[in-house]
Amino acid sequence: MGVGNVFSCTITYLSSRSAGHRISGRRITGSTQTASQGARIMNPQELKSILSSGLLSFPVTDFDAAGDFNAASYARRLEWLAPYGASALFAAGGTGEFFSLAPDEYSGIIKTAVDTCANSVPILAGVGGPTRVAIQYAQEAERLGAKGLLLLPHYLTEASQEGVAAHVEQVCKSVNIGVVVYNRNVCRLTPALLEQLAERCPNLIGYKDGLGDIELMVAIRRRLGDRFSYLGGLPTAEVYAAAYKALGVPVYSSAVFNFIPKTAMDFYKAIARDDHETVGKLIDDFFLPYLEIRNRRAGYAVSIVKAGARISGYDAGPVRAPLTDLLPDEYERLAALIDAQGAQ
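What counts and what doesn't
Residues numbered from 1 in each chain as written. Predicted model: local features only at pLDDT ≥ 70, side-chain atom pairs only at ≥ 80, totals over all residues. Heavy atoms only, no water. Phe/Tyr/Trp six-rings, centres within 6.5 Å; stacked < 30°, edge-to-face > 60°. Buried < 20%, exposed > 50% of the residue type's maximum accessible area, 1.4 Å probe, protein only. Helix = DSSP H or I, 4+ residues; strand = E, 2+ residues; numbered from the N terminus. 1 Å grid on protein atoms, 1.4 Å probe; cavity = no way out; pocket = protein on both sides within 12 Å on 5 of 7 lines; lining within 4 Å. Points joined across faces, edges and corners; volume = space filled by probe spheres on them. Nonpolar A, V, L, I, M, F, W, Y, C, P; charged D, E, K, R; others polar.

Caption draft 1: Quick look at the packing of aromatic side chains. Counting across every chain of the model gives 15 aromatic pairs. With a centroid separation of 6.0 Å and an interplanar angle of 80°, the aromatic rings of Trp80 and Tyr84 are classed as edge-to-face. Judged by relative accessible area, which is 14%, Trp80 ranks as buried. Residue Tyr84 is classed as partly exposed on the basis of its relative accessible area of 24%. Considering the side-chain rings of Tyr106 and Tyr137, the 4.5 Å spacing of their centres and the 65° angle between planes classify their relative orientation as edge-to-face. Separated by 31 residues along the polypeptide, Tyr106 in helix α4 (residues 103–116) and Tyr137 in helix α5 (residues 131–143) bring together distant segments of the chain. Given the relative accessible area of 1%, Tyr106 is considered buried. Judged by its relative accessible area of 7%, Tyr137 is buried. Linked through ring pairs, Phe259, Phe267, Phe286, Phe287 and Tyr290 together constitute an aromatic cluster.

Caption draft 2: Broad picture of the layout of surface pockets. The computed volume of the largest pocket comes to approximately 780 Å³. Lining the largest pocket are 33 residues, and of these Gly94, Thr95, Phe99, Arg184 and Val302 sit closest to its centre. Elements with a minimum of two residues in the lining of the largest pocket: β11 (251–254), α11 (276–294) and α12 (300–311). Residue contributions to the lining of the largest pocket peak at three residues, all from α12. Across the lining of the largest pocket, the residue classes break down as 20 nonpolar, ten polar and three charged.

So, in structure tokens, the structure goes:
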């Protein structure tokens, strides 16, 4: 069953250079103020302002013992995390296992996140995959009231820079809400192409770096200036936070916020005030030992976060294939690290 057949609203995508983009019979003009679920559509520039400061995080997605989405557990998780002070939360992102979600689950995940956090913290939705599929996800997230989108890399096939840029442009033009593009893996947009996209897509308001290419990051930051909000997006971003702040990228997404939210916020505040002693202690006592566990197997960047959630009393269930859960000894080592951080 195709994506468009399982979403609660069927979406048809038509593209015409002369007539503009029409989605489900409507022209995208940027004037829409309300999603079909009744939530106010956030102006992309307002979202950009929100994403330009503070800590961000990507909640894990809750599955039950059978591996199905557990809405009640997910809502409980979001209710726990929301008050800790993250500027925004990203539902169904990489840590939320977007890559393993079925289309009919996606709507439930985004709706649960939007409804649960309606009065507390903005929700952005992960979208990705082939261009037309990414557009369908994007429109569904907008319909459900997400305040913005994180455009994850397209899958599998290699593509030219111009092709990737066309993919990003089509997704941006299919919605009114703000979009953050994630430069990672097969998406490696250059400063020149990002500048062109910025001119063509007013709602492209953010750039998230998952490459760790310092030369490229500096070139993008210098060329685009304040046109974008810039987010550090390397796995376990805390390790790179001080370096990225020096580059003019003080905002990053924290995976460990999922299970030690107080510690994650304390670390972010220490980075912000240049408290090198606190930063160094947390890196030595927690983050470097944490990385030793995370780096033992491919895919553990997600698996270790779900293990941490379980240890903290907010079990999100197992990861889905092709990921694998931590081994028992790894789980125990992680539990000791978390316990040493004290009450959250």
